[in-house]
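Topology and contacts: notes
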Amino acid sequence: MHSLRVWQGELPPFDPATAPAAPLPLFQRWLREAAEAGEPEPHTMTLATADAAGSPSVRIVMLHDADERGWHFGSHRTSRKGRDLAARPAAALGFYWAALGRQVRVQGMVTAAGPEESSADLHQRSTGALAAALVGRQSDVLGSYRELEEAAAAAWERAQREPNAQVDSWTRYVLAPAEVEFFQGDARRRHVRLTYLRTADGWTTELLWP
């Protein structure tokens, strides 16, 4: 493993003194710069949740939006992540953009959007995403792969025939950030870690040792 190398190219500088007063504009800029740098699927993120007993679970999901309300993503409320969030509505997100040596970590409480917003979220996505949602049963035990093939084929046909088909379990979630950390890697390991902490009056920032 020690023979594997990271950050082969020159990494961009990051002066925390020039950072904005709130984390959202900086996140939006870093996301755009990751896309411009050729990072594949820069909107993918790690989502960590915990169940009622505190057992953690982590997976990769897609960011659907980031605005003043928070960071948005979607899933079935009957899935493992949906059940976790119903029991413990707190989560953490992680973004990693290797091309720039950057990470962003977000923590906060999660709320579920209402049926209208959740439906709109689903129907803004691709036919394939709708078909997958129509299959449903996410995280349930699958008896055989043939079952999935048959269900997916039927769902794809329905998604094409009914592009506005409803999926009652589909839910848009919004993580309202309480803490956002920006990490800029440095080849000499003088990494910059800037953390935003939400306060009653807005945001405060602090630097962390790498």
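Going by the structure above, here's the rest.
Overview of the structure. This is a predicted model, so every value here is computed, not measured. (Residues numbered from 1 in each chain as written. Predicted model: local features only at pLDDT ≥ 70, side-chain atom pairs only at ≥ 80, totals over all residues. Heavy atoms only, no water.)

1. Examining helix α2 (residues 80–87)
When we look at burial in α2, the residues that qualify are Lys81, Gly82, Asp84 and Leu85. All buried residues of α2 project into a common sector of 160° when viewed along the axis, lining one side. The inward-facing, buried residues of α2 contact β1 (44–50), β2 (56–62), β4 (70–76), β5 (90–97), β6 (102–112) and β7 (170–184). (Buried < 20%, exposed > 50% of the residue type's maximum accessible area, 1.4 Å probe, protein only. Helix = DSSP H or I, 4+ residues; strand = E, 2+ residues; numbered from the N terminus. Arc of directions from axis to C-beta. Contact = heavy atoms within 4.5 Å.)

2. Here we look at the pattern of salt bridges
Within the structure shown, the criterion is met by 15 salt bridges. Close ionic contact of Arg161 with Glu162 constitutes a salt bridge, the shortest N to O distance being 3.5 Å. Measuring nitrogen to oxygen at the nearest pair gives 2.7 Å for the salt bridge that ties Glu181 to Arg193. Taken together, the positions of Glu181 in strand β7 and Arg193 in strand β8 (residues 192–199) put the pair twelve residues apart, joining distant regions of the chain. For Arg193, a relative accessible area of 22% corresponds to the partly exposed category. Connected via shared salt-bridge partners are Arg69, Glu117, Asp121 and Arg172. (Salt bridge = Lys/Arg side-chain N within 4 Å of Asp/Glu carboxyl O.)

3. Let's talk about the nonpolar core
In terms of nonpolar packing, the biggest core is built from 30 residues, with Phe27, Trp71, Leu93, Phe95, Val104 and Phe182 touching the most fellow members. Contributing elements (two or more residues each) for this core: α1 (23–36), β1, β4, β5, β6, β7 and β8. If we skip the residues at most four places from it in the chain, Leu93 touches Met45, Thr46, Leu47, Trp71, Val104, Arg105, Val106 and Leu175. Ranked by size, the runner-up nonpolar core spans ten residues in total, among them Ala131, Ala159, Val167 and Trp170. (Core = buried A, V, L, I, M, F, W, Y, C linked by side-chain atoms within 4.5 Å.)

4. Overview of the side chain of Ser118
Its location among the elements puts Ser118 in helix α3 (residues 115–123). When near neighbours in sequence (up to four residues on either side) are disregarded, Ser118 contacts Ala113, Trp170, Thr171 and Arg172.

5. Topic: the pairing of strand β9 (residues 202–207)
Bridge count between β8 and β9: six bridges; the pairing is antiparallel. Across the sheet, Leu194 pairs through a bridge with Leu207, a residue of β9. Between β8 and β9, which follow one another and run antiparallel, lie two residues. (Pairing = 2+ DSSP bridges.)

6. A look at the packing of aromatic side chains
Summed over all chains, the structure comprises nine aromatic pairs. Ring centres 5.5 Å apart and planes at 25° place the aromatic pair Phe73 and Tyr173 in the stacked group. Of this pair, Phe73 sits in strand β4 while Tyr173 sits in strand β7; the two residues are 100 residues apart in sequence, bridging distant segments of the chain. With respect to burial, Phe73 and Tyr173 carry one shared label: buried. (Phe/Tyr/Trp six-rings, centres within 6.5 Å; stacked < 30°, edge-to-face > 60°.)

7. Observations regarding the environment of Asp121
Tracing the backbone shows Asp121 in helix α3. Separated by 49 residues in sequence, Asp121 and His72 have C-alpha atoms that sit 9.7 Å apart. With sequence-adjacent residues up to four places away left out, Asp121 is seen in contact with His64, Gly74, Trp170 and Arg172. A distance of 2.9 Å separates polar atoms of two side chains, one belonging to Asp121 and the other to Trp170. (Polar contact = N/O pair within 3.5 Å; in protein donor to acceptor, adjacent residues only side chain to side chain.)

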